[in-house]
Amino acid sequence: MTTYRVAEAADLLGVSDDTLRRWVEAGRLSTTTEGGRTVVAGDQLAALAESLAEHPDREQTRASSVSARNRLAGIVTRVVRDRVMAQVEMVCGPYRVVSLMSAEAADELGLEPGARAIASVKSTNVVVERP
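Novice: Looking at this model, I keep getting lost on the overall build of the protein chain. Mind explaining?
Specialist: Tallying secondary structure elements over the protein chain gives four helices and eight strands in all. Shown N-terminal to C-terminal, the secondary structure of the protein chain runs as helices and strands in the order β-α-α-β-β-α-β-β-β-α-β-β. Counting only residues that meet the buried cut, the protein chain has 31% of its 131 residues in that class. The long-range fraction of contacts in the protein chain, counting pairs at least 24 apart against all pairs at least 6 apart in sequence, stands at 41%. As displayed, the protein chain has an accessible area near 8600 Å², and 48% of this comes from carbon and sulfur atoms.

Printed below as a string of structure tokens:
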């Protein structure tokens, strides 16, 4: 049977180690010990991943009222503006995301290097918002 260390399991689900540990404490996921390390069985992790995809925790976000479901939290690394347009670059986990928007929108959102933001990806459009 395939098993994953807590950090690996968290990475696969796109959550922090602490979140995964809280889920274990809450009984949402069970673990065993293998070679002195806490591990999660692959089949249980797959079941949880499927559950999260079918019933994501969206109560705390505006995602329940937005059609875009691919939301990537990240940090703005670069903003290039001219009079009309802005190119906003972000790093969202292992991904680099670039969005083109009006300079006015970038200014209203306060987008600058170091700002937290969420990239909502729908088809070929990337929508950037501040949490």
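Novice: Would you mind going over the pattern of salt bridges with me for this structure?
Specialist: Here the idea is simple: oppositely charged side chains can pair when their charged atoms come close. Going through the model one piece at a time under the given rule, you end up with six salt bridges. Here Arg21 makes a salt bridge to Asp18, at a shortest N to O gap of 3.8 Å. With a gap of three residues between them, Arg21 and Asp18 both fall in helix H2 (residues 17-25), about one helical turn apart. On the basis of relative accessible area, Asp18 is assigned to the partly exposed category, the value being 48%. Between Arg81 and Asp107 there is a salt bridge, and its shortest N-O distance comes to 2.7 Å. Taken together, the residues span a long stretch of sequence, with Arg81 in strand E4 (residues 70-81) and Asp107 in helix H4 (residues 103-109) at a distance of 26 residues. By relative accessible area, which is 38% here, Arg81 ends up partly exposed. Take Asp107: its relative accessible area is 46%, and that puts it in the partly exposed class. When salt bridges that share partners are traced, they join Arg78, Glu89 and Arg96 into one network.

Novice: Please explain the packing of helix H1 (residues 6-13) against H2 as it appears in this structure.
Specialist: If you want to describe how two helices pack, look at the angle between their axes and the distance between the axes. Between H1 and H2, whose axes approach to 8 Å, the crossing angle comes to 100°. On the basis of their axis angle, the class for H1 and H2 is roughly perpendicular. Contacts between H1 and H2 involve Val6, Ala7, Ala9, Ala10 and Leu13 from the former and Asp17, Leu20, Arg21 and Trp23 from the latter. Class assignment for the residues of the contact of H1 with H2 results in seven nonpolar, no polar and two charged.

Novice: Got a minute to help me understand the nonpolar core in this structure?
Specialist: Note that soluble globular proteins tend to have their nonpolar side chains buried in a common cluster. Membership of the largest hydrophobic core comes to 14 residues, with the highest contact counts inside it found for Val76, Val88, Met90, Met101, Leu111, Ala117 and Val128. For this core, the secondary structure elements donating two or more residues are E4, strand E5 (85-92), strand E6 (95-102) and strand E7 (116-122). With four residues, the top contributor of residues to this core is E5. Residues in contact with Met90, not counting those within four places in the same chain, are Leu72, Gly74, Ile75, Val76, Thr77, Tyr95, Arg96, Val97, Ala117, Ile118, Ala119 and Val128. Counting residues in each nonpolar core, the second largest holds 11 residues, with Ala9, Leu20, Leu29 and Leu48 among its members.

Novice: What is the right way to look at the packing of aromatic side chains in this model?
Specialist: Ring pairs (aromatic) are described by centroid distance and by the angle formed between their planes. Tallied over the full model, the rule gives zero aromatic pairs. Looking at Arg28, its charged tip hangs above the ring of Trp23, at a distance of 4.7 Å from the centre.

The rules behind each value
- Residues numbered from 1 in each chain as written.
- Predicted model: local features only at pLDDT ≥ 70, side-chain atom pairs only at ≥ 80, totals over all residues.
- Heavy atoms only, no water.
- Helix = DSSP H or I, 4+ residues; strand = E, 2+ residues; numbered from the N terminus.
- Buried < 20%, exposed > 50% of the residue type's maximum accessible area, 1.4 Å probe, protein only.
- Contact = heavy atoms within 4.5 Å.
- Areas by Shrake-Rupley, 256 points an atom, 1.4 Å probe, with all protein chains shown as cover.
- Salt bridge = Lys/Arg side-chain N within 4 Å of Asp/Glu carboxyl O.
- Axes fitted to C-alpha atoms, helices over the stretch in contact; angles between N-to-C directions.
- Parallel < 35°, antiparallel > 145°, perpendicular 65-115°, else oblique.
- Nonpolar A, V, L, I, M, F, W, Y, C, P; charged D, E, K, R; others polar.
- Core = buried A, V, L, I, M, F, W, Y, C linked by side-chain atoms within 4.5 Å.
- Phe/Tyr/Trp six-rings, centres within 6.5 Å; stacked < 30°, edge-to-face > 60°.
- Lys NZ or Arg CZ within 6 Å of the ring centre and 35° of its normal.

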